[in-house]
Amino acid sequence: MLPKNIATSLKSEKFLKFFFTRLQKNNMGIFTEYEYISPCGNEMNFIRPADTPICFNELRDGELVYAQTMTQRFEPDMLHFCTDTERLYHPLFNHKRLRDNLCLISSHLAIKLSATFVPLESCHSGIGYDYNGTTFPVLTTSVAERTQGCP
């Protein structure tokens, strides 16, 4: 039996919403190796994600889902492929503190989405995404561009 890490152990919808609603860049000037923080009363949670602090893990009824119940409207024309990480990302538009950040699409969801990828020579990535009968170009980005937010 493998031990669970703290991220997979936390399943409370109330806690996840509380934690992710408060998630923001660490501009405190301390513990700068932790790029993000999530304040909790008198405590401060310092976060150093492996990639992005938010990861979309489901596409449900036109909404990308993260933290079990939090959603972001899926914009098929805003899918980004990072040439450095070879991962898919989507912008987060409706978060008060992390607006316009590109957030990771989980491997499981990326595999599902890639089932409708088609060759598309008219865009830089050469990849199109077919969504509800319309083909959208998949945008390309790099780690440097991705960390600066959406264009």
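See above for the structure.
One structure accompanies this document, and this report is about it. Here the structure is a predicted model, which is why all the values come from computation and not from measurement. (Residues numbered from 1 in each chain as written. Predicted model: local features only at pLDDT ≥ 70, side-chain atom pairs only at ≥ 80, totals over all residues. Heavy atoms only, no water.)

1. Description of a nonpolar patch on the surface
Inference 1: A contiguous nonpolar surface patch, about 220 Å² in accessible area, is contributed by L10, F15 and F18.
Inference 2: For F15, the position within the fold is in helix α2 (residues 13-21).
Inference 3: We classify F15 as partly exposed; its relative accessible area is 32%. (Patch = residues over 30% accessible without salt bridge, like charges linked within 9 Å, V, L, I, M, F, W, Y side chains within 5 Å. Areas by Shrake-Rupley, 256 points an atom, 1.4 Å probe, with all protein chains shown as cover. Salt bridge = Lys/Arg side-chain N within 4 Å of Asp/Glu carboxyl O. Helix = DSSP H or I, 4+ residues; strand = E, 2+ residues; numbered from the N terminus. Buried < 20%, exposed > 50% of the residue type's maximum accessible area, 1.4 Å probe, protein only.)

2. Examining the pattern of salt bridges
Inference 1: All told, the structure shown has four salt bridges when counted by the stated rule.
Inference 2: Across the salt bridge formed by K25 and E35, the nearest N and O atoms sit 2.8 Å from each other. Separated by 10 residues along the polypeptide, K25 in strand β1 (residues 24-25) and E35 in the loop between β1 and β2 (36-40) bring together distant segments of the chain.
Inference 3: Residue K25 is classed as partly exposed on the basis of its relative accessible area, which comes to 30%.
Inference 4: With a shortest N-O distance of 2.6 Å, R87 and D51 are connected by a salt bridge. Placement of the pair is R87 in strand β9 (residues 87-92) and D51 in the loop between β3 (43-47) and β4 (55-56), with a sequence separation of 36 residues.
Inference 5: Overall, the relative accessible area of 16% leaves D51 in the buried class.

3. What about the packing of aromatic side chains?
Inference 1: Tallied over the full model, the rule gives 10 aromatic pairs.
Inference 2: Ring geometry for F31 and F46: centres 5.0 Å apart, planes at 65 degrees, overall edge-to-face. Taken together, the positions of F31 in the loop between β1 and β2 and F46 in strand β3 put the pair 15 residues apart, joining distant regions of the chain.
Inference 3: By relative accessible area, which is 47% here, F31 ends up partly exposed.
Inference 4: Relative accessible area serves as the criterion here: at 26%, F46 is assigned to the partly exposed category.
Inference 5: When the ring centre of Y34 is taken as origin, the NZ or CZ atom of R48, which lies over that ring, is 4.6 Å away. (Phe/Tyr/Trp six-rings, centres within 6.5 Å; stacked < 30°, edge-to-face > 60°. Lys NZ or Arg CZ within 6 Å of the ring centre and 35° of its normal.)

4. Details of the sheet that holds strand β6 (residues 63-66)
Across a sheet, paired strands are connected by hydrogen bonds in the backbone, their directions being either parallel or antiparallel.
Inference 1: Spatially, the three strands line up as an open sheet ordered β5-β6-β7, and their pairing is antiparallel. A strand with exactly one partner marks an edge of an open sheet, and here the two such strands are β5 (58-60) and β7 (70-73). Across the sheet, the mean angle from the axis of one strand to that of its neighbour is 35 degrees, orientation sign disregarded.
Inference 2: Across four bridges, the pairing between β6 and β7 is antiparallel. Bridge pairing in β7 places V65 opposite T71. (Pairing = 2+ DSSP bridges. Axes fitted to C-alpha atoms, helices over the stretch in contact; angles between N-to-C directions.)

5. Comments concerning the nonpolar core
Inference 1: Counting residues in each nonpolar core, the largest one holds 25 residues, and the members touching the most others are F20, I54, F56, Y66 and I105.
Inference 2: Contributing elements (two or more residues each) for this core: α2, β6, β9, β10 (101-105), α3 (107-114) and β12 (127-131).
Inference 3: Sequence-distant contacts of I54, that is, excluding residues within four places in its chain, are made with F20, L23, Y66, L92, H95, L98, C103 and L104. (Core = buried A, V, L, I, M, F, W, Y, C linked by side-chain atoms within 4.5 Å. Contact = heavy atoms within 4.5 Å.)

6. Notes on the sheet that holds β4
Inference 1: Spatial ordering of the open sheet is given by β4-β10-β9-β8-β14, a layout of five strands whose pairing is mixed. Of all the strands in the sheet, the pair left with one neighbour each is β4 and β14 (139-141).
Inference 2: Of the strand pairs in this sheet, β9 and β10 are connected by four bridges, and their pairing is antiparallel. Of the residues in β10, the one forming a bridge with Y89 is L104.
Inference 3: Here α3 sits on the sheet in contact with β4, β9 and β10, set at roughly 85 degrees to β10.

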